Amino acid sequence: MAVSSLKNKSKLSTLTSPFDIDLGGMIPLSTVTVGSGGAANVEFTSIPATYTHLQIRGIGRSTQSPDASVNVYLRLNSDTGSNYSTHYLTGNGSSASAGAATTSTFIYAGAVIAAGSTASAFEGSVIDILDYANTNKYKTTRTLVGWDANGSGIIGLWSGNWRNTNATTTITLLPSGGNWAQYSSFALYGIKGAGA
Amino acid sequence: MPLPSTYTPIATNTLSSNTASVTFSNIPQNYTDLVLICSTASATAGGNELNCQVNSDTGSNYSFTYILGNGSSAASGRGSNQTRWAPGEQSASFENPTLMYFFNYSNTTTYKTMISRRNTVSNLTSAFVNLWRSTSAINTIYLYNASGYLFLSGSTFTLYGIKAAS
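Computed from a prediction, not measured in an experiment: that's the story for all the values here.

On to the overall build of chain B. When you go through chain B residue by residue, the secondary structure sums to zero helices and twelve strands. In sequence order, the secondary structure elements of chain B are arranged as β-β-β-β-β-β-β-β-β-β-β-β. In summary, chain B has a C-alpha radius of gyration of 16 Å against a globular reference of 15 Å for 166 residues, a match within 12%. With the C-alpha coordinates aligned to their principal axes, the bounding extent of chain B is approximately 50 × 35 × 30 Å. Of all intrachain contacts in chain B linking residues separated by at least 6 positions in sequence, the fraction that spans at least 24 positions is 74%. Within the structure as shown, chain B displays about 6300 Å² of accessible surface, and the carbon and sulfur contribution to it stands at 48%. When the 7 basic and 5 acidic side-chain charges of chain B are each reduced to a single mean position, those positions are 8 Å apart.

Written out as structure tokens, the structure is:
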């Protein structure tokens, strides 16, 4: 394996074993890039429980037409029950708005530009799933998502809750209409805690 | 076997004197996202925007949509057909932390989306989504004050690369 980081120990000149290597706190786990046929959902499965938090970073676009934008739904562990809730704060270029959804079958995790809007433009998103492997807590998410199309766009913050104490092993992202378009790409990272 | 980490520092620029602009050039293309964190102040009072251009493009190819809160209300607005992004605030004190996420900056297929968190801690916080209508890979980031004021000595600019799993 190529050693990519020798940060702290190398400064101290006390490397004594492979486990002295500081591998940093953010670990790339998996990437899903949508091909030419599109995809109904993007899914990360068999997520190891060895990190403290998870982060998804990506770009997305929906094939839904003629809509300019659709919502992004997030599910954990493939649970389709009414066990999710969301609060959000968004701006559409004209006004700011806030709202909530309770007893949903998904978390609202942003808005994605769709086929009715400017070609080649994609949303950017950062989704955090906090303390995802803890079996004593309901799971919470936070999302920063936006898209702009030179005259239209949405930017906002979303927070979500899954009323379940199970460790998160699967994450599903799906547009509320259409499929994920080609070149949509989402990457999953594990974030370590101290001592991990 | 441990997996390699990411969120790798690429370059840091700490200004030792008042400076008109900061440029990150020859940005390596082997990451998925870039993160740019700026802690800046303006050498001239009055406040203004921290502006940003990429790849030396001065055309009207930039746009953005934002939401902000000023302590009493929230608002949203946008800029279209702009010659730059406006991802940050500027004032005479170091109260303007700016964070920029450049998503999939090195692909040559999609327009480029950047999200920024723009703040002046004494009076507002905001989030911007920014579009550059070009499919070119981003290899240069240029930062400057909208009024031509100098960045104050001590301003810092740090660029990180985040690499996804292949």
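The next thing to look at is the sheet that holds strand E4 (residues 48-54) of chain B. Residues and elements named next belong to chain B. The four strands are arranged E2-E11-E4-E7 in an open sheet whose pairing can be described as antiparallel. The open sheet has two free edges, formed respectively by strand E2 (21-24) and strand E7 (85-90), since each of these has just one partner strand. Taking each pair of neighbouring strands and ignoring which way they run, the sheet shows an average axis angle of 20 degrees. Two elements, E4 and E7, share four bridges in a ladder whose sense is antiparallel. From the neighbouring strand, Cys52 faces E7, where its bridge partner is Trp85.

Right, let's talk about the interface of chain A and chain B for a bit. Across the contact, 50 residues belong to chain A and 41 residues belong to chain B. Carbon and sulfur atoms make up 65% of the surface buried where chain A meets chain B, a total of about 3400 Å² over both sides. When the area that chain A buries against chain B is broken down by residue, the three leading residues are Arg57, Asp148 and Asn150 of chain A, summing to 18%. Inspection of the chain A/chain B interface yields one salt bridge.

Model confidence for chain A is summarised by a mean pLDDT of 90, while 88% of its residues fall at 70 or above. Scored below 50 in pLDDT, residues 1-22 of chain A makes 22 contacts in the model with residues more than four places away or belonging to other chains.

Turning to unusual backbone geometry, a few remarks are in order. Of note, the bond from Ser65 of chain A into Pro66 of chain A is cis; its omega dihedral lies within 30 degrees of zero at 10 degrees. Summarising the element assignment, Pro66 of chain A is placed in the loop between strand E3 (53-60) and strand E4 (69-76). Of note in this structure, Asn104 of chain B is not a glycine but carries a positive phi near 40 degrees. Residue placement: Asn104 of chain B occurs in the loop between strand E8 (96-102) and strand E9 (112-120). Residue class for Asn104 of chain B comes out buried when judged on its relative accessible area of 13%.

Glancing now at the confidence of the model for chain B. Residues and elements named next belong to chain B. Of the residues in chain B, 98% have a pLDDT of 70 or more, and the chain-wide mean is 94. Within chain B, E7 has the poorest average pLDDT of any element, 91, and E2 the best, 98. Note on the complex model: pTM 0.92, ipTM 0.94.

With that out of the way, let us pick up the pairing of strand E5 (residues 62-69) of chain B. Residues and elements named next belong to chain B. Sheet analysis places E5 next to strand E6 (residues 74-82), joined by seven bridges and oriented antiparallel. Residue Thr65 lies in a different strand from E6, and its bridge partner there is Arg78. In this antiparallel pair of consecutive strands, E5 and E6, the connection spans four residues, and Gly71 shows a positive phi of 100 degrees. Here eight bridges tie E5 to strand E10 (residues 124-132), and the two strands are oriented antiparallel to one another. Its bridge partner lying in E10, Leu68 is registered against Ser126.

Residues and elements named next belong to chain A. Residue placement: Gly177 occurs in the loop between strand E11 (171-175) and strand E12 (185-191). On a C-alpha basis, the gap between Gly177 and Ser65 in space is 8.7 Å, while along the polypeptide they are 112 residues apart. Residues contacting Gly177, with those up to four places away along its chain left out, are Ser62, Gln64 and Val70.

This paragraph deals with the environment of Met114 of chain B. Residues and elements named next belong to chain B. Along the chain, the position of Met114 falls in strand E9. With twelve residues separating them along the chain, Met114 and Phe102 place their C-alpha atoms 4.5 Å apart. In this structure, Met114 is in contact with Trp85, Pro87, Met100, Tyr101, Phe102, Phe128, Val129 and Asn130, ignoring residues within four places of it in sequence.

Criteria and thresholds
- Residues numbered from 1 in each chain as written.
- Chains lettered and ligands numbered in written order.
- Predicted model: local features only at pLDDT ≥ 70, side-chain atom pairs only at ≥ 80, totals over all residues.
- Heavy atoms only, no water.
- Helix = DSSP H or I, 4+ residues; strand = E, 2+ residues; numbered from the N terminus.
- Rg over C-alpha atoms; globule rule 2.2 N^0.38 Å.
- Contact = heavy atoms within 4.5 Å.
- Areas by Shrake-Rupley, 256 points an atom, 1.4 Å probe, with all protein chains shown as cover.
- Lys, Arg positive; Asp, Glu negative; His and termini not counted.
- Charge placed at Lys NZ, Arg CZ, Asp CG, Glu CD.
- Pairing = 2+ DSSP bridges.
- Axes fitted to C-alpha atoms, helices over the stretch in contact; angles between N-to-C directions.
- Buried area = accessible area lost by both parts, 1.4 Å probe.
- Salt bridge = Lys/Arg side-chain N within 4 Å of Asp/Glu carboxyl O.
- pLDDT = per-residue confidence, 0-100.
- Buried < 20%, exposed > 50% of the residue type's maximum accessible area, 1.4 Å probe, protein only.

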